[in-house]
Amino acid sequence: MTLRRPTLIALLAAALLVTAACTPTPRAKAEARRPNIVLVLVDDLSKNLVRHMPNVLALQRDGTAFTNYTVTDSLCCPSRASILTGRYPHNTGILKNHGSDGGFRLFHRRGHEKSTFATDLRAAGYRTAFLGKYLNEYLPRKTLVDGKPYVPPGWDQWFAGGNDYANVNYTLNENGKLRWYGERPADYLTDVLSAKAQDFITESAAAGKPFLVEVSTYTPHMPFAPAPRDANSFPGLLAPRPASFDRLPVNAPKWLAALPPLSAAMRARIDLDFRKRVQSVQAIDRMLGDLRATLTRTGAAGNTVVIFTSDNGYHLGEYRLSPGKQTAFDVDVNVPLIVAGPGVRVGGVISAPVENIDLRPTFADLAGASVPAQVDGRSFRSLLAGSAPALWRTAALIEHSDPADDPADPDYQRFSASVPPTYDAMRTTAFTYVEYADGSREFYDRRSDPHQLLNLAPKLTPQRLAELHGALRGLATCAGAQACGLAGRALG
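Residues numbered from 1 in each chain as written. Predicted model: local features only at pLDDT ≥ 70, side-chain atom pairs only at ≥ 80, totals over all residues. Heavy atoms only, no water.

## Some points on unusual backbone geometry
Link 1 in the chain: The linkage connecting Thr219 with the following residue, Pro220, adopts the cis geometry, with an omega of 5°.
Link 2 in the chain: Looking at the secondary structure, you find Pro220 in the loop between strand 8 (211-216) and helix 9 (254-257).
Link 3 in the chain: Cis geometry is found at the peptide bond from Met222 to Pro223, where omega equals 15°.
Link 4 in the chain: Positive phi, normally seen in glycine, also occurs at Asn251, with a value near 60°.
Link 5 in the chain: With respect to the secondary-structure elements, Asn251 resides in the loop between strand 8 and helix 9.
Link 6 in the chain: Note on Asn251: relative accessible area 37%, which makes it partly exposed.
Link 7 in the chain: With a phi angle near 65°, Arg320 is a residue other than glycine that sits in the positive phi range. (Helix = DSSP H or I, 4+ residues; strand = E, 2+ residues; numbered from the N terminus. Buried < 20%, exposed > 50% of the residue type's maximum accessible area, 1.4 Å probe, protein only.)

## Describing the pattern of salt bridges
Link 1 in the chain: Across all of its chains, the model carries 24 salt bridges by this definition.
Link 2 in the chain: Between Lys325 and Asp44 there is a salt bridge; the shortest N-O distance is 2.7 Å. Remark: Asp44 occurs in the loop between strand 1 (36-42) and helix 3 (54-62) and Lys325 occurs in the loop between strand 9 (304-310) and helix 11 (330-333); sequence separation between them is 281 residues. For the pair Lys325 and Asp44, a shared accessibility class is recorded, and that class is buried.
Link 3 in the chain: Its salt-bridge partner being Arg473, residue Asp424 comes within 2.5 Å of it at the nearest N-O pair. Separated by 49 residues along the polypeptide, Asp424 in strand 14 (residues 423-428) and Arg473 in helix 14 (residues 462-477) bring together distant segments of the chain.
Link 4 in the chain: By sharing partners, the salt bridges in this structure join Asp43, Arg80, Lys133 and Asp311 into a single network. (Salt bridge = Lys/Arg side-chain N within 4 Å of Asp/Glu carboxyl O.)

## Some remarks on helix 10 (residues 264-297)
Link 1 in the chain: End to end, helix 10 covers 50 Å across 34 residues, agreeing with the expected 50 Å (1.5 Å per residue, within 8%).
Link 2 in the chain: The sharpest bend along helix 10 reaches about 25° and sits at Gln282.
Link 3 in the chain: Looking one or two places after helix 10, you find Gly299, whose phi comes out positive at around 80°. (Expected span 1.5 Å × (residues − 1). Bend = angle between axes of the 7 residues up to and from the residue.)

## Observations regarding the packing of aromatic side chains
Link 1 in the chain: Going through the model one piece at a time under the given rule, you end up with 22 aromatic pairs.
Link 2 in the chain: Judged by centre distance (6.1 Å) and plane angle (90°), the ring pair of Phe200 and Phe211 falls under edge-to-face. Within this pair, whereas Phe200 is found in helix 8 (residues 189-207), its partner Phe211 is found in strand 8, the two being separated by 11 residues in sequence.
Link 3 in the chain: One aromatic cluster in this structure is built from Phe104, Phe117, Phe130, Tyr134, Tyr138, Tyr150, Trp155, Trp158 and Phe363.
Link 4 in the chain: One cation-aromatic arrangement involves Arg464 over Phe431; the distance from NZ or CZ to the ring centre is 5.5 Å. (Phe/Tyr/Trp six-rings, centres within 6.5 Å; stacked < 30°, edge-to-face > 60°. Lys NZ or Arg CZ within 6 Å of the ring centre and 35° of its normal.)

## Considering the sheet that holds strand 13 (residues 395-400)
Link 1 in the chain: With antiparallel pairing, the 4 strands of this open sheet are ordered in space as 13-14-15-16. Each of the sheet's edge strands pairs with one partner strand only, and the pair in question is strand 13 and strand 16 (441-445). On average, adjacent strands in this sheet sit at an angle of 10° to one another, irrespective of strand direction.
Link 2 in the chain: Where strand 15 (residues 431-436) and strand 16 come together, 5 bridges link them in antiparallel fashion. Bridging across to strand 16, Tyr433 finds its partner in Phe443.
Link 3 in the chain: Contacts from helix 14 reach strand 13, strand 14, strand 15 and strand 16 within the one sheet, and its direction differs from that of strand 15 by about 80°. (Pairing = 2+ DSSP bridges. Axes fitted to C-alpha atoms, helices over the stretch in contact; angles between N-to-C directions. Contact = heavy atoms within 4.5 Å.)

## Quick look at the confidence of the model for the protein
Link 1 in the chain: With 91% of its residues at a pLDDT of 70 or more, the protein has an overall mean of 92.
Link 2 in the chain: This model gives residues 1-30 a pLDDT under 50, and the stretch forms 3 contacts once residues within four places in sequence are excluded. (pLDDT = per-residue confidence, 0-100.)

## Topic: the side chain of Ser74
Link 1 in the chain: Mapping Ser74 onto the fold places it in the loop between strand 3 (69-70) and helix 4 (76-85).
Link 2 in the chain: There is a polar contact of 3.1 Å between the side chain of Ser74 and the backbone oxygen of Asp332.
Link 3 in the chain: The residues touching Ser74, leaving out its near neighbours within four places in the chain, are Asn312, Gly313, Lys325, Gln326, Thr327, Asp332 and Val333. (Polar contact = N/O pair within 3.5 Å; in protein donor to acceptor, adjacent residues only side chain to side chain.)

## Some points on the sheet that holds strand 5 (residues 157-160)
Link 1 in the chain: Taken in spatial order, the 10 strands make up an open sheet running 7-6-5-4-8-1-9-10-2-11, and their pairing is mixed. Of all the strands in the sheet, the pair left with one neighbour each is strand 7 (177-181) and strand 11 (348-350). Averaged over all adjacent pairs, the angle separating strand axes in this sheet is 15°, with direction ignored.
Link 2 in the chain: Of the pairings in the sheet, the one linking strand 1 to strand 8 comprises 5 bridges and is parallel in character. In the sheet register, Ile37 faces strand 8, and the bridge partner there is Leu212.
Link 3 in the chain: Of the strands in this sheet, strand 1, strand 8 and strand 9 touch helix 10, which is tilted by about 175° from strand 1.

## Here's the deal with the packing of helix 3 against helix 10
Link 1 in the chain: For the pair helix 3 and helix 10, the least separation of the axes is 7 Å and the interaxial angle reads 50°. In terms of orientation, helix 3 and helix 10 fall into the oblique class. Here helix 3 contributes Pro54, Asn55, Val56, Ala58, Leu59 and Asp62 to the contact with helix 10, which in turn contributes Asp285, Arg286, Leu288, Gly289 and Arg292.
Link 2 in the chain: By residue class, the composition of the contact of helix 3 with helix 10 is 5 nonpolar, 2 polar and 4 charged. (Parallel < 35°, antiparallel > 145°, perpendicular 65-115°, else oblique. Nonpolar A, V, L, I, M, F, W, Y, C, P; charged D, E, K, R; others polar.)

Shown next as structure tokens:
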């Protein structure tokens, strides 16, 4: 049969239309390439716990570890505010866990929830879920908008608790509805969060839409509550005794210099606390393994970036300090950051200074989204692939404002002499420099003094001190990625 020319043209046009309909558009291809993001954020995890977490170690083997990842403040709420917003505490105004200069209520009142990594990714078409500890002062029953338990903007799924550090007998705000959990083994909070996160991953993978999920545990924060199955594990385990244990630095700052040696009772408490901390992270470690197994089972593992980190570290006897945090010593501010997934170098180790303010812009970069100009951090996506971004910072900023001195604060430290006064600090790959409100200064050359036991500040020349002071002031007052980037490179 011979086709007439008009008929032939019509058939060719129809074929082209079918081909076009079946060929992915550039936008669809970009959608398929955008990775899912799983953030596991834990509470008060120091680096010395990682050796007891086989699934975290497996994640590290499969991905990249950052050796100079630094938090902006070794205190829960200021650090978490920096993670959410990508901004330093001096720009968020969240300086404490609660009260007039910190906590959830101030974070909400300042409108910070309208601009977080969750709002970025949700606007970019991601499904988003939050599970666990949000910000200090947040309570599941809190009503702020429509008379219902409050859910912040940016989250499609919301399962958040309050001051639930015991991990039993708690209430969760589950998408605006309250649900009570008791003290059965099945109610242990980390396990509950794990199950809900796995459900969200399964649902999201089936929907074929990119997703972001943050699982934020309450452990290993004090009282270091382990899952029932782990309560008798690690018998006889003792706390590490690094070179800094029960030892003051030479030329210690005023607030630290008068601390007496640790008593036998304090040493025993430190050993017990460390064992409980190790016990309490076992459920976290299992959760990480289960989340990764769920990603594999649902076919999402090959297109999911998994991040493991902590809001701050924790000291146990170092520098004669009773258990706590808030100092500028590495044990409190230099915490794990481990990333694995597509575009991430396997077995990589990154020494470039990265901070928690960099998580938001990195998530946005992975998702093809933009961030507001007021964000202080920068994306470290290229570092994940093994290349250094142009003009990357050489110094990270650490801030601390007035100690937590309210017994109602979950981070209250009964031994107030172990809490430093207000300070600003600067941490590079080579040294740590600290300026306290009382005029004390510290300078530790961590290349020759990795345990930070020789304070060299009294021996620095006036010119060097002026240079350090100027660089630190620049960081402590910067605003926005461009200005903070310049300030972070002031020392070259």
